[in-house]
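Spelled out from the first residue to the last, the chains are:
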Amino acid sequence: MSSSDIFIGEIIGTAVLILLGGGVCAAVTLKRSKAQNAGWLAITFGWGFAVLTAVYMTGSLSGAHLNPAVTVGIAIKDGDWKNVPVYFAGQLLGAMIGAALVWIAYYGQFHAHLTDREIVGDTADKAIEGPHNESAAKAGPVLGVFSTGPEVRNVWQNLATEIIGTAVLVLAVLTQGLNDSGKGLGTLGALITALVVVGIGLSLGGPTGYAINPARDLGPRIVHALLPLPNKGGSDWGYAWIPVAGPLIGGALAAGIYTLAFA
């Protein structure tokens, strides 16, 4: 695989991943969405199908890592780091594109949600007047559509949850998700990995929303900070390092386990 194939493949694949994964979060969360309040099962299966679609689409082009933690795990396993920066760049850019596409697809729903008095109270009129109004910007968070956050804010627990969940994902990729040529996720591996993502979401997603992917969290969080959404609230940058560091540590841990137990 050439560097250009890797870069393009990871942009497309990660954009599709975030478009469909962030899309199900928007569908379940936002006012005037037909899927509002569909629940956690819809979100977990939506993310699983997002992984399946993105991997099938771009596996032959870039290997469909779509996740810096997966890239780190494979690099440690193989001892080959030369394309890691290309993977990282494609993944982050793709995640930002996917998040922007979610905003476009749900543009009316975002506006309806963030100008509804039941959601934002008395700031709704000010939000309608202008999205950059200082008081309006303090209310009505929709950050969960874009990135993750903890239900109980405890640094060591939140970090540990992301490490554990990502280690399960990356170990699954390393042990059964690679095709025979070692270039990326094969057809069966894509299905298995998608089901692993669903399982992680159902079993380990409750505490933090299971980022298990630094690009999946950081890219959309940047887009959330940049978009002119009324009453969008803050982007929670104080927490943002956990869904980046935790998955990277988890990916490295999975590679270590693989080396000790399976290599």
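Residues numbered from 1 in each chain as written. Predicted model: local features only at pLDDT ≥ 70, side-chain atom pairs only at ≥ 80, totals over all residues. Heavy atoms only, no water.

We now examine helix α11 (residues 214-226). Note: α-helices contain 3.6 residues per turn, so residues at a spacing of three or four share the same orientation. The end-to-end C-alpha distance of α11 is 18 Å, a good match for the 18 Å that 13 residues give at a rise of 1.5 Å each. Among all positions of α11, only Pro-214, Ala-215, Arg-216, Asp-217, Gly-219, Pro-220, Arg-221, Val-223 and His-224 are buried. The inward-facing, buried residues of α11 contact α1 (3-29), α2 (40-62), α3 (68-78), α4 (84-105), α8 (143-146) and α12 (242-261). Among the residues of α11, the N-terminal cap falls to Asn-213, whose side-chain oxygen and the backbone nitrogen of Ala-215 are separated by 3.0 Å. (Helix = DSSP H or I, 4+ residues; strand = E, 2+ residues; numbered from the N terminus. Expected span 1.5 Å × (residues − 1). Buried < 20%, exposed > 50% of the residue type's maximum accessible area, 1.4 Å probe, protein only. Contact = heavy atoms within 4.5 Å. Polar contact = N/O pair within 3.5 Å; in protein donor to acceptor, adjacent residues only side chain to side chain.)

As for its placement among the helices and strands, Asp-217 is situated in helix α11. When near neighbours in sequence (up to four residues on either side) are disregarded, Asp-217 contacts Ser-147, Thr-148, Ala-211 and Pro-243.

As a further point, take the pattern of salt bridges. The full count for this structure, using the stated rule, is 5 salt bridges. With a shortest N-O distance of 2.9 Å, Arg-153 and Asp-236 are connected by a salt bridge. Remark: Asp-236 occurs in the loop between α11 and α12 and Arg-153 occurs in the loop between α8 and α9 (155-177); sequence separation between them is 83 residues. Between Asp-217 and Arg-221 there is a salt bridge, with its nearest N and O atoms 2.7 Å apart. (Salt bridge = Lys/Arg side-chain N within 4 Å of Asp/Glu carboxyl O.)

With that settled, consider the environment of Ile-119. Structurally, Ile-119 can be placed in helix α6 (residues 117-120). The spacing of Ile-119 and Asn-231 is 112 residues in sequence and 9.5 Å in space, taken between C-alpha atoms.

Now for the packing of aromatic side chains. Tallying each qualifying case throughout the model produces 5 aromatic pairs. Look at Trp-40 and Tyr-210: their rings are 5.8 Å apart centre to centre, the planes differ by 70°, and that puts the pair in the edge-to-face class. Remark: Tyr-210 occurs in the loop between α10 (187-204) and α11 and Trp-40 occurs in helix α2; sequence separation between them is 170 residues. Residue Trp-40 is classed as partly exposed on the basis of its relative accessible area of 37%. The exposure class assigned to Tyr-210 is buried, which follows from its relative accessible area of 6%. Between Phe-45 and Phe-49, the aromatic rings sit 6.3 Å apart at their centres with planes inclined by 45°, giving tilted as the arrangement. Here Phe-49 and Phe-45 lie together in helix α2, a separation of 4 residues that amounts to about one turn. (Phe/Tyr/Trp six-rings, centres within 6.5 Å; stacked < 30°, edge-to-face > 60°.)

Averaged over the protein chain, the pLDDT score is 90; the fraction of residues at 70 or greater is 88%. This model gives residues 125-140 a pLDDT under 50, and the stretch forms 30 contacts once residues within four places in sequence are excluded. (pLDDT = per-residue confidence, 0-100.)

As a further point, take the environment of Thr-166. Position of Thr-166 among the secondary structure elements: in helix α9. Between the alpha carbons of Thr-166 and Pro-243 there is a distance of 10.0 Å; along the sequence they are 77 residues apart. Beyond its immediate chain neighbours, meaning those up to four positions away, Thr-166 contacts Ala-69, Ile-212, Pro-247, Gly-250 and Gly-251.

Membership of the largest hydrophobic core comes to 50 residues, with the highest contact counts inside it found for Leu-17, Trp-47, Phe-110, Val-142, Val-145 and Phe-146. For this core, the leading source of residues is α1, giving 8 residues. Look past the residues within four positions of Leu-17 in its chain and what remains in contact with it is Gly-22, Trp-47, Ala-50, Val-51, Ala-54, Leu-66 and Asn-213. (Core = buried A, V, L, I, M, F, W, Y, C linked by side-chain atoms within 4.5 Å.)

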